[in-house]
Amino acid sequence: MEMITVNEKQQLVEATPLTLVIGNFDGVHKGHQVILQKAREQMKDGEILAVMGFADHPLWVLKNDQDFDKKITPEQDKLHLLERLGVDRYYHLKITKDDIKTTFWEFVFEQLSNLKVNRIVMGEGADYDEASHTEFLNLCDWQGIEVTVVPKVKVNGTKISSRTIRDYIKEGLMDPVHALLGRPFTVTGTVVHGEKMGRKLGFPTLNLGEVDSYVVPKPGVYLGIVGIHEDGVISEYWNTLISAGYRPAVNGHRYLIEAHLLNFSGDLYDKTVSVSFLRFMREELNFDNLDDLVEQMEKDKIEGEKLMGQNW
Ligand SMILES: Cc1cc2nc3c(=O)[nH]c(=O)nc-3n(C[C@H](O)[C@H](O)[C@H](O)COP(=O)(O)O)c2cc1C
Ligand SMILES: Nc1ncnc2c1ncn2[C@@H]1O[C@H](COP(=O)(O)OP(=O)(O)O)[C@@H](O)[C@H]1O
């Protein structure tokens, strides 16, 4: 998949006929997967499947909606998932509020002028700016571009939206997150050095760097899976206990994601790892001394191993 980044001064140019999907696609959740499926069904021979996404969420750009500052799938994760879903091109529009001289959707429409767009598929709710979206639909109609708006997909009666998934992640509700994403919530980063205390406590924990762009789960201990990357692909999976939070027991302040891999020993520094959250186990606690912390971690390990052996 080729990614083409465009800023406000550039214009997209592409000669190949397209089926174009427009949307922000944070999470690449089950609703997004249905939209892409519909787009693939509508595609004709000789066309490619392109997605037009935005570097910053339009609601963040237009309305400063704080909810969209952090991502379920930051850019790298999103591109990887879209590629696996058959997307051939990703147009990455870098826009700021000042770049939009007219309305948001007029701006988007202008971006189409040097593309051969045969049809557009988008999800209900990706209109961002309702009034100008109606105008956009009229402009597409006038131009002979057929637009399909796919209704929101429901899972167990819940309409899937990135906002709902973000809220569930923040609340540590990993079962519904898993159901709506179609996979567990996963944070990918590089293993960095910590305070080297874990090994002394008998619980070495890999520390994940670069998590700032992710929406993160509430502090607590989680059960999960760690995938270790080798040459760009995951080569090993390990059951894991995840500690996410501020670590009050060791006077920590910064939110960290750490993982103690069950029955693993080895050196993981500088490796890329994907930490998937399966289940919330307990709240993060403060302890008067390290012995009490270790005692609790031992209980967590027994509980984690028991849960992993169950069919849930
Ligand atoms: C299973 C598990 C449970 C943990 N629970 C807590 C906790 O409740 N409170 C806390 O402050 N830290 C908790 N931690 C984090 C430890 O304090 C941390 O891993 C330890 O200080 C080692 O840090 P280091 O990797 O920087 O050496 C937990 C870690 C693990 C692996
Ligand atoms: N079972 C394990 N789970 C996680 N990391 C492990 C494990 N066994 C060995 N390690 C290694 O130990 C490191 C963590 O040890 P720790 O003392 O907590 O140091 P740090 O504070 O630098 O994270 C990991 O980065 C990894 O290289």
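Residues numbered from 1 in each chain as written. Chains lettered and ligands numbered in written order. Predicted model: local features only at pLDDT ≥ 70, side-chain atom pairs only at ≥ 80, totals over all residues. Heavy atoms only, no water.

The name an unreviewed UniProt entry assigns to the protein is Riboflavin biosynthesis protein, from the organism Salinibacillus aidingensis. Looking at the Sequence similarities (unreviewed entry) heading of the UniProt record, one finds this comment for the protein: "Belongs to the ribF family." (UniProt positions renumbered as here; feature names shortened; annotations may be inferred.)

Undergrad: Whenever I open this one, the nonpolar core confuses me. Can you help?
TA: Generally speaking, nonpolar side chains in soluble globular proteins are found buried as a group. Ranked by internal contacts, the top residues of the largest apolar core, which has 30 residues, are Phe-185, Ile-257 and Phe-277. Only α6 (162-171), α7 (174-181), β9 (185-192), β10 (206-208), β11 (220-230), β12 (233-245), β13 (256-261) and β14 (272-282) provide two or more residues apiece to this core. (Core = buried A, V, L, I, M, F, W, Y, C linked by side-chain atoms within 4.5 Å. Buried < 20%, exposed > 50% of the residue type's maximum accessible area, 1.4 Å probe, protein only. Helix = DSSP H or I, 4+ residues; strand = E, 2+ residues; numbered from the N terminus.)

Undergrad: Looking at this structure, I do not really get the sheet that holds strand β2 (residues 14-22). What am I missing?
TA: Sheet strands pair via backbone hydrogen bonds, and the direction of the pair is either parallel or antiparallel. Reading across from one edge, β1-β4-β3-β2-β5-β6 is the order of the six strands in this open sheet, with parallel pairing throughout. Since the sheet does not close on itself, it has two edges, and those belong to β1 (2-7) and β6 (146-150), each with one partner. Here the strands of the sheet are splayed against their neighbours by 25° on average, with no regard to which way each runs. Examined bridge by bridge, strand β3 (residues 48-54) and strand β4 (residues 89-94) share five bridges and lie parallel to one another. By the bridge assignment, Ala-50 is partnered in β4 with Arg-89. (Pairing = 2+ DSSP bridges. Axes fitted to C-alpha atoms, helices over the stretch in contact; angles between N-to-C directions.)

Undergrad: What should I look at first to understand the side chain of Arg-247 in this one?
TA: Along the chain, Arg-247 turns up in the loop between β12 and β13. Within polar-contact distance, the side chain of Arg-247 engages the side chain of Glu-195 at 3.4 Å. Discounting residues that sit within four places of it in the chain, Arg-247 has contacts with Glu-195, Gly-252, Leu-256, Glu-258 and Glu-284. (Polar contact = N/O pair within 3.5 Å; in protein donor to acceptor, adjacent residues only side chain to side chain. Contact = heavy atoms within 4.5 Å.)

Undergrad: What exactly am I supposed to notice about helix α1 (residues 30-42) here?
TA: The periodicity of an α-helix, 3.6 residues per turn, causes residues three or four places apart in sequence to face the same way. For α1, with 13 residues, the first-to-last C-alpha span of 19 Å sits near the 18 Å given by 1.5 Å per residue. Among all positions in α1, only Gly-31, His-32, Ile-35, Leu-36 and Ala-39 are buried. Taken down its axis, α1 places every buried residue within 140° of arc, on the same side. In this structure, the buried side of α1 is in contact with β2, β3, α3 (75-84), β5 (115-123), β6 and α6. (Expected span 1.5 Å × (residues − 1). Arc of directions from axis to C-beta.)

Undergrad: Is there a simple way to think about the sheet that holds β12 in this case?
TA: Strand order in the closed barrel formed by six strands is β9-β10-β13-β12-β11-β14, with antiparallel pairing between adjacent strands. Pairs of neighbouring strands in the sheet enclose a mean axial angle of 45°, with direction left out of account. Looking at chain direction, β10 and β13 are connected through two bridges and run antiparallel. Its bridge partner being in β13, Asn-207 is matched across the sheet by Glu-258. Along the sheet, α7 contacts β9, β11 and β14; its crossing angle with β14, the most-contacted strand, is approximately 130°.

Undergrad: Quick question: what am I supposed to make of the site of ligand 1 here?
TA: Residues in contact with ligand 1 amount to 22 residues; listed here are only the nearest, Met-197, Gly-198, Thr-205, Ala-249 and Leu-285. Between ligand 1 and the protein, one listed contact pairs a nitrogen atom with a side-chain N or O atom of Arg-282 at 2.9 Å. In isolation ligand 1 has 620 Å² of accessible area, and contact with the protein removes 98% of it. Looking at the shell around ligand 1, the elements that each hand over two or more residues are β12, β13 and α9 (290-308). In terms of residue count, the dominant contributor to the shell around ligand 1 is α9 (three residues). Classifying every residue of the shell around ligand 1 by side-chain character gives 10 nonpolar, five polar and seven charged. (Near = heavy atom within 4 Å. Areas by Shrake-Rupley, 256 points an atom, 1.4 Å probe, with all protein chains shown as cover. Nonpolar A, V, L, I, M, F, W, Y, C, P; charged D, E, K, R; others polar.)

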